[in-house]
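Breakdown of the fold
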Amino acid sequence: MKKIALILTALAGMVFMGCKSANTIKLEGSWEVSEFELNGVAQQICVSDMTVKANGDSVIDINGNSGVNIFFGSADVNGTSVKIRDNLASTRMAGEPAAMEYEDNFIATLAGSDTWSVTDGKLTVKNSANGGTLVFVKK
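Residues numbered from 1 in each chain as written. Predicted model: local features only at pLDDT ≥ 70, side-chain atom pairs only at ≥ 80, totals over all residues. Heavy atoms only, no water.

**A word on the overall build of the chain**
- Counting its secondary structure elements, the chain contains three helices and 10 strands.
- Going from N to C terminus, the chain has its helices and strands arranged as α-α-β-β-β-β-β-β-β-α-β-β-β.
- Across the 139 residues in the chain, those meeting the buried criterion constitute 31%.
- Nonlocal contacts in the chain, meaning residues at least 24 apart in sequence, comprise 48% of its contacts between residues at least 6 apart.
- On the chain, roughly 8,300 Å² of surface is accessible, and the fraction owed to carbon and sulfur atoms is 58%. (Helix = DSSP H or I, 4+ residues; strand = E, 2+ residues; numbered from the N terminus. Buried < 20%, exposed > 50% of the residue type's maximum accessible area, 1.4 Å probe, protein only. Contact = heavy atoms within 4.5 Å. Areas by Shrake-Rupley, 256 points an atom, 1.4 Å probe, with all protein chains shown as cover.)

**Points about the nonpolar core**
- Membership of the largest hydrophobic core comes to 24 residues, with the highest contact counts inside it found for Met50, Ile62, Phe106, Leu110, Trp116 and Phe136.
- Listed by contribution, the elements that provide at least two residues to this core are strand S1 (29-38), strand S3 (49-54), strand S4 (59-65), strand S5 (70-78), strand S6 (81-84), helix H3 (97-111), strand S9 (122-127) and strand S10 (132-138).
- Per-element accounting of this core gives the leading share, four residues, to H3.
- When sequence neighbours within four positions are dropped, the list of residues in contact with tryptophan 116 reads Leu27, Met50, Val52, Ile60, Ile62, Thr80, Val82, Ile84, Leu110, Leu123, Thr124 and Val125. (Core = buried A, V, L, I, M, F, W, Y, C linked by side-chain atoms within 4.5 Å.)

**Digging into the confidence of the model for the chain**
- On average, the chain scores 86 in pLDDT, and the residues at 70 or more come to 83%.
- Below pLDDT 50 for its whole length, residues 1-19 participates in two contacts with residues either more than four positions away or in separate chains. (pLDDT = per-residue confidence, 0-100.)

**Details of unusual backbone geometry**
- The phi torsion at asparagine 39 lies on the positive side, around 55°, for a residue other than glycine.
- Looking at asparagine 39, the relative accessible area reads 60%, which means it is exposed.
- Located in the positive-phi region is aspartate 120, a residue other than glycine, with phi close to 50°.
- A residue is classified by how much of its surface remains accessible, and aspartate 120, at 77% relative accessible area, is exposed.

Next comes the structure, spelled out in structure tokens:
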């Protein structure tokens, strides 16, 4: 009888915790930039990464290092479509000009991204408006 009560309690907890979709679960984890192209031109990569955590069925929280500063925010996910919410923010430290340019391009590509996909352990983020593609690998 105690086992049945324990199982029922566990099942009830799972129901009330909320659901995570397969799409958000695939995105979860710590990722490091391995490739960055802007309009077909490979960009020199600064140390940059992103951590993704599912926050419900179709919402993810993101944070990471954009080259010089730390960024954080959230996004809505629907299949392979993604929309970064208006809450994307960043610290405001200055760095070397090349690193600051990289960071500006990285943030612009990420903030305006419209599709994300995970294939063969790589997270590909695309921004059709600026022609940017970020490729991340698991850390």
